[in-house]
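Structural overview
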Amino acid sequence: MKAQVDTLDVLAEGGSRRGPVHAKNEDAWYISRTGMSDGSAEGQLFAVSDGVSTARNGWFASRLTCDRLDQFLSESPPGDTSHLVEWVSEIDWELRGNFERAACTLSMLWIADRKASIVGVGDSSVWRLRRGEMVRLIGKPNAGKRLSAFLGMGSKVTELLEVSQIPVKEGDVFFLMTDGISSMVESAEIASLWKRFKDPAEVVAGLLGQVARAGGEDDATVVVVEIGGAAQTAVVAALPVDAPEPPKHLIFSDEME
């Protein structure tokens with residue numbers, strides 16, 4: 001998907017792979033269509049979410065989260081990181097108020113005014129590649145320990161958020177990843193893939209394929225965002241290796257009762 005934000009070309013693609021140990025893909029990802037419901041290009045939002053597998057409705061939480069981001073953005077774009085934090089609080093409240101044991105991680109990237117506003121909870125990460133150097137912006141490795149912060153945990157979630165705002169430059173590349181990617185692929189390998197392909201769709205496909213070849217058991221999801229990339233007349237979307245089920249927040253089945 002290609003858009004223009006504040007005269008900067010933004011090219012982005014996302015994809016997901018279901019881990020073989022899961023009956024459903026518990027990850028979800030989100031790329032706003034233009035950033036604004038009226039078709040203007042004042043900003044663009046990207047996100048990945050990882051349902052907590054020990055929670056009965058973890059898969060549902062991640063899909064609800066991405067669906068709500070789309071709803072919030074269509075109603076009013078965020079002015080700064082404080083609005084993103086408010087969105088997190090609202091989603092957390094909905095998960096706790098309506099569903100038993102529904103939890104997920106979340107990492108968001110909002111590109112506007114030549115700045116990147118980043119908010120995250122849990123171990124889903126956001127990285128920036130600039131001039132060949134990969135830097136982790138948010139998302140602390142969990143190292144197999146129990147998550148200490150996640151959506152659905154309660155009002156204290158806002159106290160545990162990671163929040164960052166940085167300027168963006170032409171040539172920057174951002175990677176939003178669930179731990180199914182970041183725990184299987186080293187940052188240097190990701191930088192090498194970008195150097196080889198220099199295309200978000202190709203890199204998404206390459207990362208998911210690499211996780212599959214390495215025998216990754218967890219769900220794996222990534223969104224790649226290129227700032228000011230070379231102009232392209234056509235973009236071929238990367239097809240997820242195993243596409244997530246669509247959001248089901250309005251469908252109440254026996255499985256969710």
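What you are looking at is a predicted structure, and each value in this text was computed from that prediction instead of being measured. (Residues numbered from 1 in each chain as written. Predicted model: local features only at pLDDT ≥ 70, side-chain atom pairs only at ≥ 80, totals over all residues. Heavy atoms only, no water.)

1. Quick look at the overall build of the protein
Secondary structure summary: the protein contains five helices and 11 strands in total. Here the protein holds 257 residues, and 53% of them are scored as buried. Across the protein, the fraction of contacts at a sequence separation of at least 24, relative to all contacts at a separation of at least 6, is 75%. Of the accessible surface of the protein, which amounts to about 11800 Å², a share of 49% is contributed by carbon and sulfur atoms. (Helix = DSSP H or I, 4+ residues; strand = E, 2+ residues; numbered from the N terminus. Buried < 20%, exposed > 50% of the residue type's maximum accessible area, 1.4 Å probe, protein only. Contact = heavy atoms within 4.5 Å. Areas by Shrake-Rupley, 256 points an atom, 1.4 Å probe, with all protein chains shown as cover.)

2. Let's talk about unusual backbone geometry
At Arg114, a position not held by glycine, the phi torsion is positive, near 55°. Relative to the assigned elements, Arg114 resides in the loop between strand S5 (104-112) and strand S6 (115-121). Despite not being glycine, Arg131 has its phi angle at roughly 50°, a positive value. In this fold, Arg131 is placed in the loop between strand S7 (125-130) and strand S8 (133-138). You can call Arg131 exposed: its relative accessible area is 80%.

3. Digging into the sheet that holds S5
Strand order in the open sheet formed by five strands is S3-S4-S5-S6-S9, with antiparallel pairing between adjacent strands. Of all strands in the sheet, those bounded by a partner on one side alone are strand S3 (27-31) and strand S9 (162-167). Pairs of neighbouring strands in the sheet enclose a mean axial angle of 10°, with direction left out of account. Strand direction decides the pairing type here: strand S4 (residues 44-51) and S5, joined by eight bridges, are antiparallel. Residue Val48 lies in a different strand from S5, and its bridge partner there is Ser107. (Pairing = 2+ DSSP bridges. Axes fitted to C-alpha atoms, helices over the stretch in contact; angles between N-to-C directions.)

4. Regarding the state of the cysteines
Under the definition given, this model contains zero disulfides. Free of any disulfide, Cys66 has its nearest neighbouring cysteine sulfur in Cys104, separated by 7.9 Å. Overall, the relative accessible area of 6% leaves Cys66 in the buried class. (Disulfide = S-S within 2.5 Å.)

5. With respect to the packing of helix H1 (residues 58-75) against helix H2 (residues 81-98)
Direction vectors running N to C along H1 and H2 enclose 135°, while the axes themselves pass 10 Å from each other. Between H1 and H2, the interaxial angle falls into the category oblique. Crossing geometry of H1 relative to H2 is assigned as right-handed. Judged by residue contacts, Ala61, Leu64, Thr65, Arg68, Leu69, Phe72 and Leu73 of H1 engage Trp87, Glu90, Ile91, Glu94 and Leu95 from H2. (Parallel < 35°, antiparallel > 145°, perpendicular 65-115°, else oblique. Left-handed = near helix turned anticlockwise from the far one by under 90°.)

6. Brief notes about the nonpolar core
Ranked by size, the top nonpolar core spans 30 residues in total, and within it Leu45, Leu69 and Met108 carry the most contacts. Elements with a minimum of two residues in this core: S3, S4, H1, H2, S5 and S6. Top element by residues in this core is H1. It accounts for eight residues. Leu69 has contacts with Tyr30, Leu45, Ala47, Trp87, Ile91, Leu106 and Met108, leaving out every residue within four places of it along the chain. (Core = buried A, V, L, I, M, F, W, Y, C linked by side-chain atoms within 4.5 Å.)

7. Some thoughts on a negative patch on the surface
Side chains of Glu75, Asp80, Glu86 and Glu90 sit close together on the surface and give a patch of like negative charge. Turning to its location among the elements, Glu90 is positioned in helix H2. A relative accessible area of 44% places Glu90 in the partly exposed class. (Patch = residues over 30% accessible without salt bridge, like charges linked within 9 Å, V, L, I, M, F, W, Y side chains within 5 Å. Salt bridge = Lys/Arg side-chain N within 4 Å of Asp/Glu carboxyl O. Lys, Arg positive; Asp, Glu negative; His and termini not counted. Charge placed at Lys NZ, Arg CZ, Asp CG, Glu CD.)

8. Topic: the side chain of Ser16
By the secondary structure assignment, Ser16 is in strand S2 (residues 8-17). For Ser16, the side chain forms a polar contact with the side chain of Asn25, separated by 2.9 Å. A polar contact is formed between the side chain of Ser16 and the backbone oxygen of Ala220, at a distance of 3.4 Å. (Polar contact = N/O pair within 3.5 Å; in protein donor to acceptor, adjacent residues only side chain to side chain.)

9. Comments concerning the pairing of S8
In this structure, S7 lies alongside S8, joined through five bridges in antiparallel fashion. Across the sheet, the residue bridging to Arg130 is Glu133, located in S8. Adjacent in sequence and paired antiparallel, S7 and S8 are bridged by two residues, among which Arg131 carries a positive phi angle near 50°.

10. Examining the confidence of the model for the protein
Of the residues in the protein, 83% have a pLDDT of 70 or more, and the chain-wide mean is 85. Note that residues 249-257 has pLDDT below 50 and, in this model, 15 contacts with residues that lie over four places away or in other chains. (pLDDT = per-residue confidence, 0-100.)

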